[in-house]
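# Structure assessment
As a plain string of letters, each chain reads:
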Amino acid sequence: MSGLKLDSISMRFDLPNGDHVQALKNVSLDIKTGELMSVLGPSGCGKTTLLNIIAGFLAPTEGAVLLNDHRVTGPAQERGMVFQKGALFEWMNVRENVAFGPRMNGVPKSESAGKVDHLLEVVGLHDFKEKAIYELSGGMQQRVALARCLANDPDVILMDEPLGALDALTREKMQGLVLKLWKETGKTIILITHSVEEALLLGERLLVMAPRPGRIHKEYRLPFAEMGVGADLREVKHHAEYAITREEILNMIWDMEEEIMGRTEGAA
Amino acid sequence: MTILLIYIAIFVIAFLAVKFVNSRLEQRHDFTSLKTVTFGDESAVTANRTASVISVIAIFLIWGAFTGSKLTPLHAPGPYQGKGQFDYVVEGPDGQRDGATAFWQVEEKKGAAEDLEITGGDGFAQNDALNIIKYRSGQLRWDGNDEVRRRDGARIVEVNGQPTDFDPNRRDENGNLLQDRPTFRIDNGTATLTDKGALLITPYQGWQMEPIWLPAPEAVWGRIVEIAKEGYQNSTLLEHLGWSLFRVIVGFAFGALVGIPLGYAMGLSDWFRGWFDPIVEFMRPVPPLALIPLVIIWAGIGETGKIILLFLAALWIMTIAARAGVSGVNITKVHAAYSLGASKWQIMRHVIMPNSLPEIFTGARVAMGVCWGTVVAAELVAAEKGAGMMIMVASKFQLTDIVLMGIILIGIIGYGIDILMRRIERWLVPWKGRA
Ligand SMILES: Nc1ncnc2c1ncn2[C@@H]1O[C@H](COP(=O)(O)OP(=O)(O)O)[C@@H](O)[C@H]1O
Ligand SMILES: [Mg+2]
């Protein structure tokens, strides 16, 4: 079967004081090739942990991740990552950053150059090819990160709050770019976000996770991502169903946060 | 102390003057000048160039003023350099008194001035003449030409109109004087009776420093030119400095060559960290100077010993810098590189090494500074060539100008090394502090 399969994953961190944190419990999921899935949930519910397990940076204490029927045991170029920030290489210019993946995999420069140029064109950085990373704004840096990830042609793209450090306007533009790239490349994308609006816009599937232990609380299938491709995202937000779903999810997360607060207060 | 006060005074005056001039000039309107809160805002504080220039000039002015330099317009009062005379009265053993006059003059060096011509004088005490070397005192054996000698019981009872009852012959059973030795005021100086009854004449010394303590700037400059041309202790100036630099560079290079890989290993492997942590942590606080004796015992005073010493001085600093460089790698960069298909070696080569460069450069700057200090110290102890050896030998012969020259050159080179390292750093690590 092609696609990504999470088979009842549990993750337990043992703490130095003998305690332990159940970061994830029994998470199972099937993601088809080309799906765009956003993951939402209160802070500390295990979103990053889940993504790191899929990326292969962490081995789950139980369960397994299968990509196209083979088991994930470590990081590999079939699963690309886009981090919130700080993951670009400052000692390389924009073009070298994007060309990093092909270069590491032994693709000759002459072969990769065209693709790198094309990707820079797609993310709108063609005129900044030779610039140093520290000369770029935060939004431009995230475009470089997206292009760098795509240059390797991964099967799955994993994003951990990729737009979290950007201002609202830049963020909206970047959301459009993510949708465009998703449609053009047909990649499977899993995107973690803090923002309910972003999760609604950038998720064909939307996963709401609950904390302690981290688990899947509810799953939605939404039409907004499809609607948003190449369209004005603000139009999409005016959709009646959008507002209803947003309220529902906001309430859901609000309740979870309340519960966490209540629990810690009760414990204190 | 006084010099320090003068230095501070120059700054206060200069500060007020510059402030006054600036307030007259048109205000600049850049970002910093429009800030209203500058006290406590580090970014608003830059070194005032005027102050820096005044700082350097003031040091030279004070140096020149207190050494009688020809380069500076103002001088602190110098030592008295002319002639002088005073009257004194001698009392013979029989109680008879007679007056005489002592003539003295200050000479630049011993034998530089002709002896003063004197004419006898009446009575049993004859007039005397004395040449005194600049900055020194002179002992006047006033009875040398008299009919009655000190050993016969003659003594001075009055100098320049100031009477005394001091008698060098009055002593206790241990032979100690019973009275304090009196000091008399004379024109342009003082005269003191010695415990043998002679007169010690000290011309007015002034505030200037003797060249043997502190030579004038032009004397030091003259030495630089002279030694640059003719060399010192069988080597030219360039050779001396070159040898010191050579040792530093070789020692540092070996230190970096071993230290950086060791630091990387400690940053990347539990085993290496556990293995070398105790050694590094122990060696780090040991000042390299403390190793000099041991290195001399083990490797002798030759080149090998010095290079081993500098190697050890650089090694721990570079190890720690490289280790810190590895620990400083943002884990997301490493994760990103793995996800892009990089192998361990590629991570090392393309992520860890470039990312640790800023730390390594900081370490290299510190290490070069320490090495430069250590090489000079090591050469002070034992060397045939080198900047430290040059000033050590010169100090044995009291050639203060060479010592000062050496110190200044050592300072300039040390500063030059640091500037050079910063240049290289800015060129190789342009992203430092901007990521
Ligand atoms: N290395 C770790 N050691 C111990 N606990 C951890 C570790 N990493 C994460 N956790 C815990 O696991 C839980 C989930 O963390 P995380 O996945 O970062 O949450 P999220 O990304 O949703 O905010 C948190 O309670 C966190 O404290
Ligand atoms: Mg997180």
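Described in the following lines is the structure provided in the data block. Predicted, not measured: the structure shown is a model, and the values here were computed from it.

## Re the pairing of strand S1 (residues 4-14) of chain A
Residues and elements named next belong to chain A.
- Sheet topology places S1 next to strand S4 (residues 62-67); five bridges connect them, and they run antiparallel. Directly across from Leu6, in S4, lies its bridge partner Val65.
- Inspection of the sheet shows S1 paired to strand S2 (residues 20-31) by eight bridges, in the antiparallel sense. In the sheet register, Met11 faces S2, and the bridge partner there is Leu24.
- Turn length for the S1-S2 hairpin, with the two strands adjacent in sequence and antiparallel, is five residues, and the turn residue Gly18 shows positive phi of about 95°.

## Observations concerning the nonpolar core
- With 58 residues, the main nonpolar core has A:Phe100, B:Leu237, B:Phe252, B:Tyr264, B:Met318, B:Val351 and B:Met405 as its most contacted residues.
- The set of elements that each furnish at least two residues to this core consists of helix H3 (100-104) of chain A together with helix H3 (217-230), helix H4 (237-268), helix H7 (303-327), helix H8 (331-339), helix H9 (344-381), helix H10 (387-396) and helix H11 (400-428) of chain B.
- The dominant element in this core, judged by the number of residues it contributes, is H9(B), at 13 residues.
- Excluding residues that lie within four positions of it along the chain, B:Met318 makes contacts with B:Phe252, B:Gly255, B:Ala256, B:Gly259, B:Ile260, B:Ile360, B:Gly363, B:Ala364 and B:Ala367.
- Residues A:Val144, A:Ile157, A:Leu163 and A:Met174 belong to the second largest nonpolar core, which totals 54 residues.

## Some details on the sheet that holds strand S8 (residues 189-193) of chain B
All names here are of chain B.
- Strand order across the open sheet formed by four strands is S4-S9-S8-S7, with antiparallel pairing between neighbours. If you trace the sheet from one side to the other, it starts and ends with strand S4 (138-140) and strand S7 (183-186), each paired once. Ignoring which end each strand starts from, the neighbouring axes of this sheet average 30° apart.
- Where S8 meets strand S9 (residues 199-203), five bridges bridge the pair, whose relative direction is antiparallel. Counted as the bridge partner of Thr190 is Thr202 from S9.

## Looking at a nonpolar patch on the surface
- Taken together, the side chains of B:Met1, B:Leu4, B:Leu5, B:Ile8, B:Val12, B:Phe15 and B:Leu16 make up a nonpolar region of the molecular surface, amounting to roughly 750 Å² of accessible area.
- Summarising the element assignment, B:Val12 is placed in helix H1 (residues 2-24).

## Considerations on helix H4 (residues 109-122) of chain A
Residue and element names in this part refer to chain A.
- With 14 residues, H4 extends 19 Å between its outermost C-alpha atoms, agreeing within 8% with the 20 Å of an ideal straight helix rising 1.5 Å per residue.
- Taken residue by residue, H4 has Ser112, Val116, Leu119, Leu120 and Val122 as its buried positions. Down the axis of H4, the smallest arc covering the buried residues is 150°, so these residues share one side. Across from the buried face of H4, at angles greater than 90 degrees, the exposed residues are Ser110, His118 and Glu121.
- Of the residues one or two after H4, Gly124 is the one with positive phi, at around 75°.

Each value, and the rule that gives it
Each chain has its residues counted from 1, following the order in which its sequence is written. Lettering of chains starts at A and numbering of ligands starts at 1, both following the order in which they are written. A pLDDT threshold of at least 70 governs which residues receive local features in this predicted model, and a stricter bar of 80 or more applies before side-chain atom pairs are shown or counted, although totals over entire chains, interfaces and linings include all residues. To get the side-chain values, take all heavy atoms of the structure and skip hydrogens and water. When DSSP finds two or more bridges between two strands, those strands count as paired. Helix and strand definitions follow DSSP, with helices as H or I runs of at least four residues and strands as E runs of at least two, each counted in order from the N terminus. The term nonpolar core refers to a set of buried residues drawn from Ala, Val, Leu, Ile, Met, Phe, Trp, Tyr and Cys, joined through side-chain atoms within 4.5 Å. Relative accessibility thresholds used throughout: buried, under 20% of the residue-type maximum; exposed, over 50%; partly exposed, between the two (1.4 Å probe, protein chains only). Whether two residues touch is decided by their heavy atoms; if any such pair falls within 4.5 Å, the residues are in contact. To obtain an axis, a line is fitted to C-alpha atoms, over the contacting stretch when the element is a helix, and the angle between two such axes runs from 0 to 180 degrees between their N-to-C directions. In this analysis, a patch consists of residues with relative accessible area above 30% that form no salt bridge, clustered at 9 Å for like charges and at 5 Å for the nonpolar side chains Val, Leu, Ile, Met, Phe, Trp and Tyr. Residue-level accessible areas treat just the shown protein chains as cover; the underlying method is Shrake-Rupley with a 1.4 Å probe. The salt bridge criterion pairs a side-chain nitrogen of Lys or Arg with a carboxyl oxygen of Asp or Glu, the two atoms within 4 Å. Helices are assigned an expected span. That span is 1.5 Å times one less than the residue count. Think of it as the arc spanned by the lines of direction from the helix axis to the C-beta atoms.

On their own, these measurements won't tell you what the molecule is for.
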